Amino acid sequence: MKKTIYKPNNYSLNKAIEVLNQSGVIGFPTETVYGLGGNAYSDNAINKIYDIKNRPKINPLIIHVSSFKLAETLGEFTDTAKKIALQFWPGPLTILLNSKANNGISEIATAGLNSIAIRIPSNKIANLLLEKFGKPIAAPSANLSGTVSSTSASHIYDDFGNQIDMIIDDGPCLHGIESTIIDARTHKLKILREGSITKENIFRKTKLIINETSEKKIIVPGQLEKHYAPKASLRINVKEPDKDEFYITIGKSDNFTNSINLSPNADLSEFANKIYSALRELDDRKIKKIAIAPIPNSGIGEAINDRLKRASK
Ligand code: TXA
Ligand code: MG
């Protein structure tokens, strides 16, 4: 019985706040992927999140808030960081800042670092929840550590069952791929994780230039080589799948027997939106080998290729 899954309404939101206030853990929707949320001020709640996910404690969590005012109490916004926040929040962008001293955030949530990754999500239910709760919610993606993120409530249930106190089901996520993370601690901006907000989007809206970087791994401990992986083995950039492989394609493609086309119109956003669900479904069907067609490396394609590359290690 999936008795922990609730439709979003006043009753379930109030219940979620109760759970959060008691240092419990909830699954909740955002426009990127579902989060596994807890009170960011509470060591107890944060410990539970790491335990349930089986996440190494060196990997800090994103801190979600409902307002720029609250964000300002947590991190040091440079003028540049503020400009980006005001342009892209609420939305699928996480901003890495130097932490403000004594900001009250559990040190376990930030893995003892002196930086903090903050985001205001745009999903309506996430906003309502954050607003009603009034405190920051620390939330990694709602999946077992190292595996495919959850883009629906049932994905969370598949991973954790009744281990978490409640899941709010707001249907499939809008983007289906995790937020872009930008390091805005200094004026030398860096993208630490690609997402649906690209450096071109940021330039167009703010005229700020983002440099290429090869330092990602050091700054983001969570950006492990192997991550986002299904149980099946994954081969990427495949033009001709082997007979024993299930083939995931995009755009015009021949009719292969064991295959699925996630976007016949070659719409990268549609592909991003469906890929995690497809990988989870193939795991459920006990498919052992998956091959994925080449994905154009432009726009959100960069984020898709980043995730698929890690998933294929
Ligand atoms: O879209 C998203 O970002 C989703 C939703 C739920 O908001 N969250 C998400 O969280 O993807 P997670 O934990 O799966 O990925 C967060 C990434 C990790 O790679 C982590 O290492 C990095 O953010 N991160 C968080 N705080 C950091 C910090 N202080 N310094 C460096 N990296 C940090
Ligand atoms: Mg994750």
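Residues numbered from 1 in each chain as written. Chains lettered and ligands numbered in written order. Predicted model: local features only at pLDDT ≥ 70, side-chain atom pairs only at ≥ 80, totals over all residues. Heavy atoms only, no water.

### Thoughts on the side chain of T30
Heads up, the condition is: Put simply, DSSP H or I for four residues or longer makes a helix, DSSP E for two residues or longer makes a strand, and each gets a number counted from the N terminus. Pairs of N or O atoms within 3.5 Å make up the polar contacts considered here, provided that, within protein, one atom can donate a hydrogen while the other can accept it, and that residues adjacent in sequence are counted only when both atoms are side-chain atoms. Should any heavy atoms of two residues lie within 4.5 Å, those residues are considered in contact.
Relative to the elements of secondary structure, T30 occurs in the loop between β2 (26-28) and β3 (35-39). In terms of polar contacts, T30 uses its side chain to reach the backbone carbonyl oxygen of V33, at 2.8 Å. When near neighbours in sequence (up to four residues on either side) are disregarded, T30 contacts R119, P121, N123 and C173.

### Some words on the packing of helix α1 (residues 10-21) against helix α5 (residues 124-133)
Applicable threshold: Note on geometry: axes are C-alpha line fits, over the in-contact stretch for helices, and angles between N-to-C directions span 0 to 180 degrees. For classification purposes, angles smaller than 35 degrees are called roughly parallel, those larger than 145 roughly antiparallel, those between 65 and 115 roughly perpendicular, and all remaining angles oblique. Crossing handedness is defined as follows: a turn of the near helix away from the far one that is anticlockwise and smaller than a right angle gives a left-handed crossing, while the clockwise case is right-handed. When residue character is reported, Ala, Val, Leu, Ile, Met, Phe, Trp, Tyr, Cys and Pro are called nonpolar, Asp, Glu, Lys and Arg charged, and the others, Gly included, polar.
Between α1 and α5, the least distance of the axes is 10 Å, while the angle of their chain directions is 50 degrees. As the angle between them shows, α1 and α5 are arranged oblique. Crossing of α1 against α5: the hand is right-handed. Facing N10, L13, N14, A16, I17, L20 and N21 of α1, the residues of α5 in contact are I125, L128, L129, K132 and F133. Across the contact of α1 with α5, the residue classes tally to 8 nonpolar, 3 polar and 1 charged.

### Examining the pattern of salt bridges
Which entries qualify depends on this criterion: We define a salt bridge as a side-chain nitrogen of Lys or Arg found within 4 Å of a carboxyl oxygen belonging to Asp or Glu. Relative accessibility thresholds used throughout: buried, under 20% of the residue-type maximum; exposed, over 50%; partly exposed, between the two (1.4 Å probe, protein chains only).
Per the counting criterion, the structure on display carries 13 salt bridges. One salt bridge connects E302 with K199, and the closest N-O pair in it is separated by 3.6 Å. Placement of the pair is E302 in helix α10 (residues 301-311) and K199 in helix α7 (residues 199-206), with a sequence separation of 103 residues. The partly exposed category is assigned to E302, whose relative accessible area is 21%. For R285, the salt bridge identified is with E281, shortest N-O distance 3.8 Å. Put simply, E178, D306, R307 and R310 are held in one network by salt bridges that share partners.

### What about the domain arrangement of the chain?
How we decide: The split into domains, and so the bounds of each, comes from an automatic or database assignment of domains. A 1.4 Å probe defines the accessible area here, and the buried area is the portion of it lost by two parts on being joined, summed over both.
Domain boundaries assigned for the chain yield domain 1 (5-206) and domain 2 (233-311). Taken together, the contact between domain 1 and domain 2 spans 22 residues of the former and 14 residues of the latter. Of the roughly 1400 Å² buried between domain 1 and domain 2 on both sides combined, carbon and sulfur atoms contribute 49%. Looking only at domain 1, the three residues that lose the most surface to domain 2 are V148, I177 and E194, adding up to 40% of its buried area. Here R307 and E178 are joined by a salt bridge, their closest N and O atoms 2.7 Å apart.

### Re the environment of L128
Within the secondary structure layout, L128 lies in helix α5. Its relative accessible area of 41% is what places L128 among the partly exposed residues. Each C-alpha atom, one on L128 and one on S66, is 8.1 Å from the other, the two residues being 62 residues apart in sequence.

### Regarding the site of ligand 1
As a reminder, the rule being used: Whether a residue is near a molecule or strand depends on its heavy atoms: if one lies within 4 Å, it is near. Only the protein chains shown count as covering a residue, and every accessible area follows the Shrake-Rupley method with a 1.4 Å probe.
Every one of the 28 residues lining ligand 1 counts as a neighbour, but T32, N59, H64, S179 and R193 are closest to it. Contact between ligand 1 and N59: an oxygen atom at 2.6 Å from a side-chain N or O atom of the residue. Within the side chain of S141, a nitrogen or oxygen atom sits 2.9 Å from an oxygen atom of ligand 1. Contact with the protein chains removes 98% of the 670 Å² of surface that ligand 1 exposes when unbound. No other element matches strand β7 (residues 115-119), which puts 4 residues into the shell around ligand 1. Broken down by class, the residue content of the shell around ligand 1 amounts to 15 nonpolar, 9 polar and 4 charged.

### Quick notes on the packing of aromatic side chains
Stated formally: Stacked, tilted and edge-to-face are the three classes applied to pairs of Phe, Tyr and Trp rings, where Trp contributes its six-membered ring and a pair requires centres within 6.5 Å; stacked means planes under 30 degrees apart, edge-to-face means over 60, and tilted covers the rest. Geometrically, a lysine NZ or arginine CZ counts as sitting over a ring once it is within 6 Å of the ring centre and also within 35 degrees of the ring normal.
Under the definition given, this model contains 4 aromatic pairs. When the centroid spacing of 4.9 Å and the interplanar angle of 85 degrees are considered together, the rings of Y247 and F256 count as edge-to-face. Using a relative accessible area of 4% as the deciding quantity, one classes Y247 as buried. One aromatic cluster is present, built from ring pairs that chain together F68, F77 and W89. In this structure, K207 packs its charged tip against the face of F203, placed 5.2 Å from the ring centre.

### Quick notes on the side chain of S12
Mapping S12 onto the fold places it in helix α1. S12 has contacts with Y6, K7, M166 and I168, leaving out every residue within four places of it along the chain.

### A look at the sheet that holds strand β14 (residues 259-261)
The test is simple: Strand pairing follows a simple DSSP-based rule, namely that at least 2 bridges must link the two strands.
Spatial strand order, β12-β15-β13-β14: 4 strands in an open sheet with parallel pairing. Unpaired on one side and paired on the other, β12 (233-235) and β14 mark the two borders of the sheet. Sheet twist, expressed as the average angle between the axes of neighbouring strands with direction ignored, equals 20 degrees. As paired elements, strand β13 (residues 246-249) and strand β15 (residues 289-292) share 3 bridges and run parallel to each other. Residue F246 lies in a different strand from β15, and its bridge partner there is I290. Strands β12, β13 and β15 of the sheet are contacted by helix α9 (residues 268-284), whose axis makes an angle of about 170 degrees with β13.

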